[in-house]
Amino acid sequence: MTRPEVSGRNNLYPLGFAHLAFALGSKEKVDELTNQLKKDGYQITNGPRTTDDGYYENVVLDPEGNQLELTV
């Protein structure tokens, strides 16, 4: 959800979710959904990758520009 009129102190710290994460259960499922979303025209912003703290993830933007994290 995007609500530009809602913001935190001095509009520097937006309120709300930074992103939503979905645990898919395996790297293969993350890759499969990432490929399907890419084919469907969604913007992949980061990944799939293994993060420095060991998580396998991908970040995609929904139609409103919200970040959706697909992870194991």
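Since we're looking at a predicted model, the values are computed, not measured.

Draft legend 1. Broad picture of the overall build of the chain. Secondary structure summary: the chain contains 1 helix and 4 strands in total. Along the chain, helices (α) and strands (β) appear in the sequence β-α-β-β-β when read from the amino end. Taking the intrachain contacts of the chain between residues at least 6 apart in sequence as the baseline, contacts between residues at least 24 apart amount to 39%. A total accessible area of about 5500 Å² is found for the chain, and carbon and sulfur atoms account for 51% of it.

Draft legend 2. Up close: a nonpolar patch on the surface. On the surface, Phe17, Leu20 and Phe22 cluster together to form a nonpolar patch covering roughly 350 Å² of accessible area. Note that Phe22 resides in strand 1 (residues 20–23). Of the residues examined, Phe22 reaches a relative accessible area of 40% and is grouped as partly exposed.

Draft legend 3. How the structure looks around the environment of Tyr56. Relative to the elements of secondary structure, Tyr56 occurs in strand 3 (residues 56–61). On the basis of relative accessibility, which here comes to 14%, the residue Tyr56 falls in the buried class. Each C-alpha atom of the pair Tyr56 and Val30 lies 8.3 Å from the other, and the pair is 26 residues apart in sequence. Leaving out residues up to four positions away in the same chain, Tyr56 has contacts with Lys27, Val30, Asp31, Pro48, Arg49, Thr50, Leu70, Thr71 and Val72.

Draft legend 4. Inspection of the side chain of Asp62 at higher detail. By secondary structure assignment, the location of Asp62 is in the loop between strand 3 and strand 4 (67–71). Polar side-chain contacts of Asp62 include one of 2.9 Å to the backbone nitrogen of Asn66.

Draft legend 5. Molecular detail of the pattern of salt bridges. Applying the stated criterion across every chain, the model contains 1 salt bridge. Arg49 is paired through a salt bridge with Glu57; the nearest N and O atoms lie 3.2 Å apart. Residue classification places Arg49 among the partly exposed positions, given a relative accessible area of 32%. With relative accessibility at 11%, the residue Glu57 sits in the buried group.

What counts as what
Residues numbered from 1 in each chain as written. Predicted model: local features only at pLDDT ≥ 70, side-chain atom pairs only at ≥ 80, totals over all residues. Heavy atoms only, no water. Helix = DSSP H or I, 4+ residues; strand = E, 2+ residues; numbered from the N terminus. Contact = heavy atoms within 4.5 Å. Areas by Shrake-Rupley, 256 points an atom, 1.4 Å probe, with all protein chains shown as cover. Patch = residues over 30% accessible without salt bridge, like charges linked within 9 Å, V, L, I, M, F, W, Y side chains within 5 Å. Salt bridge = Lys/Arg side-chain N within 4 Å of Asp/Glu carboxyl O. Buried < 20%, exposed > 50% of the residue type's maximum accessible area, 1.4 Å probe, protein only. Polar contact = N/O pair within 3.5 Å; in protein donor to acceptor, adjacent residues only side chain to side chain.

It is worth stressing that arrangement in space is one thing and function is another; only the former is reported here.
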